[in-house]
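Letter by letter, the chains look like this.
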Amino acid sequence: MVKAHRVVDHIVGYLAAHGISHIFGVDGANIEDLYDAAYFCDDITAVLAKHEFSAATMADGYSRSGAGIGVVAATSGGGCLNTVPGLGESLASRVPVLALIGQAPMTLDGRGAFQDTSGDNGSLDAHALFSAVSVYCRRVLKPEDILTALPEALAAARTGGPAVLLLPKDVQQAEVHAAAAGSVNGRVNGTVRRAGAGVGFGDPQVLERALRRADGPITIIAGEQVARDDARAELERLRATLRARVATVPDAKDVAGTPGLGSSSALGVTGVMGHPGVPVVAGQSALCLLVGTRMTVTARAGLDGVLGTVATYSIGAQVPYPSCTHVHSGDLRESLTQLARALSGPGRPPRVRVPDHLPRTQLRPPDHHGPGIRYRDAMSALDAVLTDGTDIVVDAGNVGASAIHYLPARRDGRFMVALGMGGMGYSFGAGIGMAFHRAASGSGRRTVVIAGDGSFFMHGMEIHTALQYRLPITFVLFDNHAHAMCVTREQLFYEDRYSYNRFGPSRLGAGLAAMFPGLPAYDVADVRQLPRALGMALDNDGPSVLSIECSADEIPPFAAFLTTTDSVPSDTEENRSHVTARA
């Protein structure tokens, strides 16, 4: 006889059987049964976050770290609504995430129930809402529907993006028999799939022929799918075969090596926070190859003119925004291996050339002589002490731009930044999700989160979650007492007539040390004290905090804020679509 079990038991068991080990969320009445099921499953760790946005970014960071699909769980009402911006980031960046959203019992649909999101009788329609931030959304209406809904949701997420299952409480608690799978009909209740997700197209031989015909240097621009598919070695083999130079988009800094720490062919970062030499090299190329990136505006600022004139090809799971010839690949490890093999030996392209050496160039913001530690000096101090294998997670804003521009990725470490929606505070949850994956794999490596005080004030209480689970994370907080990117915009675009975006002073290190007993937390305001303070913060088994005093009036390395012609490529004049709307 087949033993009956609840829908939530089936969900947890199915996830565990498919290699998913963590569920991130915030408990509540309409999701508590899932937590109950997780308690009885030895292969699942249910993590309690402080806020559902951060739970969603934990799942996102867990996935981006290479763990596979991240799972977030939230209760009904405001709890599930708090996941929307996190899921929006995962959708925009095509990160595989599964969201398990609790709802009030179906028996109360449209009858004025607390937190009713059925869409009936004027209630909020969760299906319509979550369909807009997912590649797949389905409301599970009968217990046996979970037998098809869960595999469908995971398959959809693997194509790139969030999948959402809406789970009424009475359905969660109902019994379901695995044997019922054979009797489930083909009707799908309340399902939305985003058009185009995972569609395969393109002829790989088109790309092979184009590379074989290339008469001159080749530039590769690598993206985040290279990291997600763990295809770094395959990318390097293809680069060596083609004698190409490699640049990366900002959220893929770790995939192509850095001078002195990997591939000497690395050009640096593309886009509005990137290195001005990249468009120069790309413009001198016979062919540009985009690998695993859609090339958003943030990533391609300064390159639009180049990509419009140089022959441009792409390979990856998503079609890039710039016009190009695209070849679909859901597995870059396999595709790049095959491509390098086809172009090796007698088939090696005969006319590709090793490009002339071009030293990496940097943007040159104006000097700032006010109080606090300069962004570049702080990044140099971090660069001197962060060891190989360290994972770096960066938040949005002036501090994020500085880290992207100045701070090299570590060998064998991830460098992660969320530029899909750029939600402030993303790095706190994402760093925790990454640290859980590293801890589960037994790597023992440390994660470093780099964020501003504005981001901290939004979601920095997740530091307590890191302390609760004794995760090896160092939070480096840049305290400039402002939403500094918004202050910069006020100064540059609104004549500095006012400022809505400055805060009163704070001492984040001392404050956190007082709030959370046992948390090593330090403040530093003098650059000469910074190396020692960094050493103390990094020399811990568990979490630690270092707060660095800096200035909101310092202009970051952000091309749209700079106007000197020797610092910025000619086509990166101020364009507000290039500039993050919030700090």
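Residues numbered from 1 in each chain as written. Predicted model: local features only at pLDDT ≥ 70, side-chain atom pairs only at ≥ 80, totals over all residues. Heavy atoms only, no water.

1. Focus on helix H22 (residues 508-515)
Three or more residues of H22 are buried, namely Leu508, Gly509 and Leu512. Angular distribution of buried residues about the axis of H22 spans 100°; they occupy a single face of the element. (Buried < 20%, exposed > 50% of the residue type's maximum accessible area, 1.4 Å probe, protein only. Helix = DSSP H or I, 4+ residues; strand = E, 2+ residues; numbered from the N terminus. Arc of directions from axis to C-beta.)

2. Comments concerning the environment of Arg411
Residue position: Arg411 is located in the loop between helix H17 (398-406) and strand S17 (415-417). For Arg411, a relative accessible area of 39% corresponds to the partly exposed category. Taking the C-alpha atoms as reference points, Arg411 and Ala256, separated by 155 residues in sequence, lie 9.9 Å from one another.

3. Observations concerning the pattern of salt bridges
Under the criterion given, the structure shown has 23 salt bridges. Asp33 is paired through a salt bridge with Lys169; the nearest N and O atoms lie 2.8 Å apart. Taken as a pair, Asp33 in helix H2 (residues 32-39) and Lys169 in helix H8 (residues 169-173) lie far apart in primary sequence, 136 residues in all. Looking at Asp33, the relative accessible area reads 10%, which means it is buried. A salt bridge links Asp383 to Arg410, with the shortest nitrogen-to-oxygen separation between them at 2.4 Å. Remark: Arg410 occurs in the loop between H17 and S17 and Asp383 occurs in helix H16 (residues 375-385); sequence separation between them is 27 residues. The partly exposed category is assigned to Asp383, whose relative accessible area is 31%. The network of salt bridges with shared partners includes Asp230, Arg232, Asp254 and Arg414. (Salt bridge = Lys/Arg side-chain N within 4 Å of Asp/Glu carboxyl O.)

4. Examining the sheet that holds S17
Here we have six strands laid out as an open sheet, ordered S17-S16-S18-S19-S21-S20, and parallel in their pairing. In the strand order of this sheet, the two ends are held by S17 and strand S20 (521-524), each with one partner. Here the strands of the sheet are splayed against their neighbours by 15° on average, with no regard to which way each runs. Sheet topology note: the S20/strand S21 (residues 544-549) ladder contains four bridges and is parallel. Counterpart to Ala521 in the pairing with S21 is Val545. On top of the sheet, helix H18 (residues 426-441) reaches strand S16 (391-394), S17, strand S18 (447-452) and strand S19 (473-479); it is set at about 175° to S18, its chief contact. (Pairing = 2+ DSSP bridges. Axes fitted to C-alpha atoms, helices over the stretch in contact; angles between N-to-C directions. Contact = heavy atoms within 4.5 Å.)

5. Quick look at the UniProt feature "transmembrane region" (unreviewed entry) in the chain
The residues that UniProt annotates with the feature "transmembrane region" (unreviewed entry) are residues 415-436. Helix makes up 50% of residues 415-436 and strand 14%, and the two end C-alpha atoms of the span are 16 Å apart. (UniProt positions renumbered as here; feature names shortened; annotations may be inferred.)

6. Observations concerning the side chain of Ser427
With respect to the helices, strands and loops of the structure, Ser427 is situated in helix H18. A polar atom in the side chain of Ser427 sits 2.6 Å from the side chain of Asp395. (Polar contact = N/O pair within 3.5 Å; in protein donor to acceptor, adjacent residues only side chain to side chain.)

7. Notes on the sheet that holds strand S10 (residues 218-222)
Strand order in the open sheet made by the six strands is S12-S11-S10-S13-S14-S15, with parallel pairing throughout. In this open sheet, the two strands that pair with only one neighbour each are strand S12 (266-269) and strand S15 (325-328). Along the sheet, successive strands turn relative to each other by an average axial angle of 20°, direction set aside. When S10 meets strand S13 (residues 287-291), the two strands line up parallel, connected through five bridges. When the bridges of S13 are listed, Ile220 appears paired with Leu289. On the sheet, helix H15 (residues 332-342) packs against S13 and strand S14 (312-316) and is oriented at approximately 130° with respect to S14.

8. Points about the environment of Gly305
Looking at the element boundaries, Gly305 is found in helix H14 (residues 304-309). Gly305 sits 22 residues away from Gly283 along the chain, and the two C-alpha atoms are 8.6 Å apart.

9. Concerning the packing of aromatic side chains
Per the stated rule, a full pass over the model turns up eleven aromatic pairs. Judged by centre distance (5.8 Å) and plane angle (15°), the rings of Phe428 and Phe475 are stacked. In this pair, Phe428 sits in helix H18 while Phe475 sits in strand S19, placing the two residues 47 residues apart along the sequence. In this structure Phe475 comes out as buried when scored by relative accessible area, which is 0%. Summarising the aromatic geometry, the rings of Phe558 and Phe561 are spaced 4.8 Å apart at their centres and angled 40° between planes, so their arrangement reads as tilted. When its relative accessible area of 1% is taken as the criterion, Phe558 is described as buried. An aromatic cluster of at least three residues, connected via ring pairs, comprises Phe428, Phe456, Phe457, Phe475 and Phe503. The ring of Phe415 carries the charged tip of Lys253 above its face, separated from the ring centre by 4.4 Å. (Phe/Tyr/Trp six-rings, centres within 6.5 Å; stacked < 30°, edge-to-face > 60°. Lys NZ or Arg CZ within 6 Å of the ring centre and 35° of its normal.)

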